[in-house]
Amino acid sequence: MAMEAGNMKDCANCYRQVAKHDRENTQVLLHCSKLEVQLGDLKKATEVLQWVLDSNAANADSNLYTSVTKELAKLQRERGKLDKGIKVLEKAIELHPEFVTSEEINMLGEFYIEENKFSCVLELLTSHCGVVLSKDSSSIKVPAELAVDLRSKLAISLAHKSLVEPVKTVLASFQDESVEEVGDLFIDMSEALQLNGMYVLATDLLEKLIQVDTYSQAAVWLKYSECLSALGRIEDAAKAYGRVVEMAPNHVSARVQLSLLQQQLGLEQEALHTLAEGGVPASSVRNDWTGLEGKEPRLLLHTCLLLHSQSKLDEFFKYVQYLLFGQLPPHIIVEHEAALMACRPYKGRITYLRRILPDYDEVYKTPPALVSGENSLTENECWDLFNKACETAHQHKRYDTLFSIVKSGYCTHAFFSKKQWSDELDFKCMCSHVLLQHGGAAFDLIRDSVMKIADAGLGDRVNQVANIFSMITSITPRDMRFARFSERQLRKYPNSAVLSIAHGCGSIIYTSYRAAINQFMNAYRQLEDSPILNLLIGVCFLHIVCMKFTSQRATLAAQGVCFLNKYLKLRGECQESFYNIGRAMQQLSINSAAVYYYKKCLETQPCLDGDDFDLRKDAAFNLSLIYKASGSEELASHIIQTHCVI
């Protein structure tokens, strides 16, 4: 009645109640399982079919048993329980091997391959299909009557076990097969061969496929291209990738690979044109980004990298600017630069951006590179490209471009929302200010770092911050903000050696040598064995000695020389120390001592590799000046020709 009324749920419930009480009624169980499948309850359907198998395990009807086994295995596969489907088929083969046909073997072999159980496939075929594999796995015998489906699974399993010679034997049995009829098997075998590095064999199969119209499709050509590329046949691979792009113009990966191959072949313009996707050359892209809107971000990324490799930096920076920052208005960044840098916390900066750009969230927050899509970039890829652009601008001394890129990064949510990246942004911005000699702006960025290390002990991090602070101080020596800042910090941390040294270096720049000595001596109480500190104190004493209205010059000079001698002892005998002592002696007009130390400097190798660290030319020039002043023109000329000729 329920079936006549079309009420399938009630009908299934009725069948289920009957099945629970009479599990010997095979027809009822089969009807029940079909209804459960129609209702979408695969779990109950498999339970019912398992009852059928259990009730017929002893006195089995071959047709019924095999059909139910296959149906149950298929349902387990649909449920995602492939391991249970394998167990069903294995149990059936074990209990009733007389019922087994090539169809059951083929299904079990397919399940094994999906589970990557290739050894099980070989064992299955050798046990039930007459396949004979030698003990050393160097050769194989395949029955001529073995079904083509089973032969393909045999080839796939052998390929995954890296048995090359047996694979060749199995593939030879496909010579007389029609490609149109077994093309799908050729594709499966070629994938396995390609995956296991047997590119020559895979190429042979794919060449047969692309000659047939049915299988001459973009996907097959793509696999053929990948095999040719792996074999090093670059020209043939480029032609094959060209066919893929013709058949599937929107295939990003194929365009990228074709462009890379064209670049290797020296076809630079063709490589760029391939990535252009619409034929828009990189040189025609204007600052309003005409021609770039709507392009795939991954294609634009590879275009950037290609332009960089071809040293087309103007186009490279244009693409980077669009890809990472979109149409962010440059004038906004310039007008609000100081405010953006002052908004260090994440929430403060994004609030400020929303105020100056009302449509920030809709238009500017997510750059084109991160717009959701199949070919969008990850945030890490964007950050890597940003770093590459900064490094390139720095290497080519395009400091204005570097500054523009870094400032745009301050408005990119993906960058400043991460603490580590935000700190790196601050550092890059500070470096760009230093390179552009913007001492005041650089000071605003380094100030927080100095405050954090004011009461810290010495270490690599502390030394780096102190060195950068001193370098920034030297850019704008007349800016009194540095001195006032150092003084305020010293009031808070009077025993800070780092602040004392930094303030002392600033005092040297302001020619306040006595104040510098006071600060250095404050640090000297903690760092008595510091070579650089002894050198700085000695230099300050010598500067005071050379001033016009200084009294007790001899005493001050003796004190300065004492610190310099201690510096020499602590630093050790090296080119740097010899040059510094020689220069000090020359400033004091003690020329005999200066000549001695300059000669020692000329005889010593530099402490570090590189011409920038070699002081011999400087020592030779100063030595020649001493010789000239004493009337020894020939000695001066000899020194210059020996050490200062390029």
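Bear in mind the structure is a predicted one, so any value in this text is a computation, not a measurement. (Residues numbered from 1 in each chain as written. Predicted model: local features only at pLDDT ≥ 70, side-chain atom pairs only at ≥ 80, totals over all residues. Heavy atoms only, no water.)

In this structure, what is going on with helix H6 (residues 102-114)? I would like to understand it.
Because each turn of an α-helix spans 3.6 residues, side chains separated by three or four positions end up pointing in the same direction. Look at H6: 18 Å from first C-alpha to last across 13 residues, which is about the 18 Å you get at 1.5 Å a residue. Those residues of H6 not exposed but buried are Glu104, Ile105, Asn106, Met107, Leu108, Gly109, Phe111, Tyr112 and Ile113. Downstream of H6 by a residue or two, Asn116 has a phi angle that is positive, lying close to 60°. (Helix = DSSP H or I, 4+ residues; strand = E, 2+ residues; numbered from the N terminus. Expected span 1.5 Å × (residues − 1). Buried < 20%, exposed > 50% of the residue type's maximum accessible area, 1.4 Å probe, protein only.)

How do you make sense of the packing of aromatic side chains when you look at a structure like this?
The geometry of an aromatic ring pair is captured by the separation of the ring centres together with the interplanar angle, meaning the angle of the planes. Per the stated rule, a full pass over the model turns up 17 aromatic pairs. Arranged with centres 5.2 Å apart and planes meeting at 75°, the rings of Trp383 and Phe415 form a pair that is edge-to-face. Remark: Phe415 occurs in helix H24 (residues 413-416) and Trp383 occurs in helix H22 (residues 379-395); sequence separation between them is 32 residues. Each member of the pair, Trp383 together with Phe415, is buried. Ring geometry for Trp383 against Trp421: centres 4.8 Å apart, planes inclined by 5°, an arrangement best described as stacked. Placement of Trp383 in helix H22 and of Trp421 in helix H25 (residues 419-435) is noted, with a sequence separation of 38 residues between them. A relative accessible area of 5% places Trp383 in the buried class. Here the aromatic residues Phe325, Trp383, Phe386, Phe415 and Trp421 are joined through ring pairs into a cluster of three or more. Directly above the ring of Trp421 sits Lys418, whose terminal nitrogen or CZ lies 4.8 Å from the centroid. (Phe/Tyr/Trp six-rings, centres within 6.5 Å; stacked < 30°, edge-to-face > 60°. Lys NZ or Arg CZ within 6 Å of the ring centre and 35° of its normal.)

Sorry, what's going on with the packing of helix H15 (residues 268-276) against helix H16 (residues 297-309) here?
Angle between the axes and distance between the axes are the two parameters that describe a pair of packed helices. Viewed as axis vectors pointing N to C, H15 and H16 meet at an angle of 165°, and their least axial separation amounts to 9 Å. The angle between H15 and H16 falls in the class roughly antiparallel. Crossing of H15 over H16 shows left-handed handedness. Only Leu299, His302, Thr303, Leu306 and Leu307 of H16 make contact with H15, whose side of the interface consists of Ala271, Leu272 and Leu275. For the contact of H15 with H16, the residue count by class is six nonpolar, two polar and no charged. (Axes fitted to C-alpha atoms, helices over the stretch in contact; angles between N-to-C directions. Parallel < 35°, antiparallel > 145°, perpendicular 65-115°, else oblique. Left-handed = near helix turned anticlockwise from the far one by under 90°. Contact = heavy atoms within 4.5 Å. Nonpolar A, V, L, I, M, F, W, Y, C, P; charged D, E, K, R; others polar.)

What am I meant to see in the pattern of salt bridges here?
Pairing between side chains of opposite charge can happen when the charged atoms of each approach one another. Under the defined criterion, the tally for this structure stands at 13 salt bridges. Between Lys168 and Glu165 there is a salt bridge, with its nearest N and O atoms 3.8 Å apart. One end of the pair is Lys168 and the other is Glu165, both in helix H9 (residues 164-172) and three residues apart, which spans about a single turn. Judged by relative accessible area, which is 40%, Lys168 ranks as partly exposed. For Asp614, the salt bridge identified is with Arg616, shortest N-O distance 2.7 Å. (Salt bridge = Lys/Arg side-chain N within 4 Å of Asp/Glu carboxyl O.)

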